Amino acid sequence: MLKFYYSAAPNPTKIALFLEEVGLPYDPIPVDTRKGDQHKAEFRAINPNSKVPAIVDGDVTVFDSSAILLYLAEKTGKFLPPYIDKARGELLSWMFFVSSGVGPYFGQAVHFRNYAPEKLPYAVNRYVFEAQRHATILDQRLARQKYMVGDSYTIVDMNVWGWARLMPNVLGDSAFDKFKNLKRLVDEVTARPAAQRALTLKDRHKFKTEMDQEALQAMFPHLRERVA
Ligand SMILES: N[C@@H](CCC(=O)N[C@@H](CS)C(=O)NCC(=O)O)C(=O)O
């Protein structure tokens, strides 16, 4: 059975959503990143980058959420736009936009706002500005069309949902008032039964919730080593 290495964080939750949408049997394997499970040798053999999500499907191993969504969509033939060049171009562009832009900027915005040991106004402003700029691009596209690609729900919408549902944590409490089209997509996806199952998957395992010294050192290894 397909093994799904996960935590309750945004990137694994997108994969949980896809797996629940298609009803593919899977074995959810918790990786407690606040306890440092991501750095264990057995997990590093699956993802040398020590991050969740990752999947092992027979002799195929895939890590990074956009790669996994693409792999699973192609494997099942589900939640892809029609196989025409125009739609394929849009699909790939928006998948990479999420993984190279939305994910990193949203993640760094949260880091510098909530977890950096020093409050650095320059860093907070840069990352919140960039997160907001990316949200604006998504919101403008969703003002023109119901879904990110074509006229049906695809893996791009799942990819966007992973981070967009957490926008108030990233951009502040009023984010959903500002990005109404993104909120419409988030609400529609969150209301899906598969999304509800994906969001409660974490309750099957006991993940550490405290952000104590052990968690900080595991998730932010640069705290242990000054390289610049
Ligand atoms: N580009 C990767 C990013 C994965 C990622 O940052 N995962 C986070 C959870 S959302 C993680 O494993 N954090 C624990 C750590 O960095 O130690 C993806 O899209 O899957």
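The rules behind these values
- Here the residue index of a chain counts from 1 through its sequence in written order.
- Local features are withheld for residues below a pLDDT of 70 in this predicted model, meaning they are given only at 70 or higher, and side-chain atom pairs are given and counted only at 80 or more; totals for whole chains, interfaces and linings count all residues.
- Water and hydrogen atoms play no part in the side-chain values, which are based on all heavy atoms of the structure.
- Remark: exposure states derive from per-residue accessible area (1.4 Å probe, protein chains only) relative to the maximum for the residue type, with buried under 20%, exposed over 50%, and partly exposed in between.
- Runs of H or I in DSSP of at least four residues are treated as helices and runs of E of at least two as strands, each being numbered from the N terminus.
- Strands are labelled as partners when DSSP assigns at least two bridges between them.
- By nonpolar core we mean a set of buried residues, namely Ala, Val, Leu, Ile, Met, Phe, Trp, Tyr and Cys, connected to one another through side-chain atoms within 4.5 Å.
- By definition, residues are in contact when any of their heavy atoms lie within 4.5 Å.
- Note on definitions. A residue lies near a molecule or strand when any single heavy atom of the residue is within 4 Å of it.
- Under the rule applied, a polar contact is a pair of N or O atoms within 3.5 Å (in protein, one hydrogen donor and one hydrogen acceptor; residues adjacent in sequence only if both atoms are side-chain atoms).
- A cavity here means a set of points on a 1 Å grid, drawn over the protein atoms and nothing else, where a 1.4 Å probe fits but cannot get out; a pocket is an open set with protein on both sides within 12 Å along at least five of seven lines, and a residue lines either one if it has an atom within 4 Å of a point.
- What decides whether a molecule sits in a cavity or pocket is whether more than half of its atoms lie within 2 Å of the grid points.
- Interaxial angles span 0 to 180 degrees and are taken between N-to-C directions of axes, which are lines fitted to C-alpha atoms, for helices over the stretch in contact.

Draft legend 1. View of the pairing of strand E3 (residues 54-57). Neither face of E3 is exposed, since Ala54 and Val56 on one face and Ile55 and Asp57 on the opposite face are all buried. In the sheet, strand E1 (residues 2-6) pairs with E3 via three bridges, with the strands oriented antiparallel. Residue pairing in the sheet places lysine 3 in a bridge with valine 56 of E3. Taken together, the four bridges between E3 and strand E4 (residues 60-63) define a ladder with antiparallel strand orientation. Across the sheet, residue valine 56 finds its bridge partner in E4, namely threonine 61. Between E3 and the antiparallel strand that follows it, E4, lie two residues; glycine 58 among them carries a positive phi value of about 65 degrees.

Draft legend 2. Spatial organisation of the nonpolar core. Of all hydrophobic cores here, the largest spans 63 residues; its most connected members are Phe4 and Ile155. Considering every element that reaches this core, the biggest residue donor is helix H4 (residues 85-115), with eleven residues. Non-local contacts of phenylalanine 4, meaning those with residues more than four positions away in its chain, are made with Pro12, Ile15, Ala16, Leu19, Tyr26, Asp27, Pro28, Ile29, Pro53, Ala54, Ile55 and Leu201. Grouped together as the second largest cluster of nonpolar side chains are seven residues, Tyr5, Val31, Val52 and Val56 included.

Draft legend 3. View of the site of the ligand. Taken together, 13 residues lie near the ligand, and Gln38, Lys51, Val52, Asp64 and Ser65 sit nearest. The separation between an oxygen atom of the ligand and a polar side-chain atom of glutamine 38 is 2.7 Å. One of the backbone N or O atoms of valine 52 is found 2.8 Å from a nitrogen atom in the ligand. When each cavity is represented as a set of grid points, the ligand is found to reside in the largest pocket. Considering each element in turn, the shell around the ligand owes the most residues, three residues, to helix H1 (residues 10-22).

Draft legend 4. Fine view of the sheet that holds strand E2 (residues 26-30). Ordered in space as E2-E1-E3-E4, the four strands form an open sheet in which the pairing is mixed. One side of each edge strand has no neighbouring strand; the edge strands of this open sheet are E2 and E4. The mean angle between the axes of side-by-side strands here comes to 15 degrees, regardless of whether they run parallel or antiparallel. Against the sheet, helix H3 (residues 65-76) touches E1, E3 and E4, its axis set at about 135 degrees to E4.

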